Amino acid sequence: MAVTRLERKGRKNKNVAKNRVATMKRLNSVPSIKNVDIEEIKKEFANKMQNSVMKEEEKKIENSKDEITATTASEPDENKNTPTDEKTSDLSVISDEKSETEET
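Residues numbered from 1 in each chain as written. Predicted model: local features only at pLDDT ≥ 70, side-chain atom pairs only at ≥ 80, totals over all residues. Heavy atoms only, no water.

Details of the overall build of the protein
Basically, it comes down to this: In this description a helix means any DSSP run of H or I spanning at least four residues, a strand means any run of E spanning at least two, and both kinds are numbered starting from the N terminus. Classification of residues uses two cut-offs on accessible area relative to the type maximum, computed with a 1.4 Å probe and protein chains only: under 20% is buried, over 50% is exposed, and between them is partly exposed. Calculation of accessible area relied on Shrake-Rupley with a 1.4 Å probe; when residues are assessed, cover is drawn exclusively from the protein chains displayed.
The helix and strand inventory of the protein stands at 3 helices and 0 strands. From first element to last, N terminus to C terminus, the protein shows the α and β order α-α-α. A total of 104 residues make up the protein; the buried ones form 0% of that total. Carbon and sulfur atoms make up 54% of the accessible area of the protein, which amounts to about 10900 Å² in all.

Section: a negative patch on the surface
Here is the rule: To count toward a patch, a residue needs a relative accessible area over 30% and no salt bridge; like charges are then connected within 9 Å, while nonpolar side chains (Val, Leu, Ile, Met, Phe, Trp, Tyr) are connected within 5 Å. We define a salt bridge as a side-chain nitrogen of Lys or Arg found within 4 Å of a carboxyl oxygen belonging to Asp or Glu. Here Asp and Glu are counted as negative and Lys and Arg as positive; His is not counted, and neither are the chain ends. Where a charge lies is defined by one atom per residue type, namely NZ (Lys), CZ (Arg), CG (Asp) and CD (Glu).
On the surface, Glu56, Glu57, Glu58, Glu62, Asp66 and Glu67 cluster together into a patch of negative charge. Considering the arrangement of structural elements, one finds Glu58 in helix H2 (residues 38-74). We classify Glu58 as partly exposed; its relative accessible area is 45%.

Description of a nonpolar patch on the surface
A surface patch of nonpolar side chains, about 290 Å² in accessible area, is lined by Val36, Ile38 and Ile41. Of note, Val36 is situated in the loop between helix H1 (7-28) and H2. Looking at Val36, the relative accessible area reads 53%, which means it is exposed.

Notes on H1
To keep things clear, this is the line we draw: Helix span is expected to be 1.5 Å times the residue number reduced by one.
Taking 1.5 Å of rise per residue, 22 residues should cover 32 Å, and H1 covers 32 Å from first to last C-alpha, within 8% of that figure. Across the 22 residues of H1, 0 count as buried, placing the element largely on the outside.

What to know about the confidence of the model for the protein
Filter applied, for reference: Each residue carries a pLDDT score, the predictor's confidence in it, ranging from 0 to 100.
Overall, the predicted model of the protein reaches an average pLDDT of 78, with 68% of residues at or above 70. Put simply, helix H3 (residues 83-103) is where the protein has its lowest mean pLDDT, 58, and H1 is where it has its highest, 96.

Structure (structure tokens):
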């Protein structure tokens, strides 16, 4: 009788052992302690806050400018003649010319 090897079972057992060792290493590891400058971190945080506040203010200003341009664009200017005004003014000129020719 020939002896058969259980290859799949052997790979499974090896993987289980590797995973167990890896989890133990991960759980027992201690992060390295670094010298941290707290004042520098506070300054960076303050700068980020100032930048974000400035950006918000710029957005508000841009939005208000957009609103102003939108309201002025929707309202017709009094100085500009609309097409209907041009037609009526042309008719008044024509009627003035006719009245002058009729008088003479």
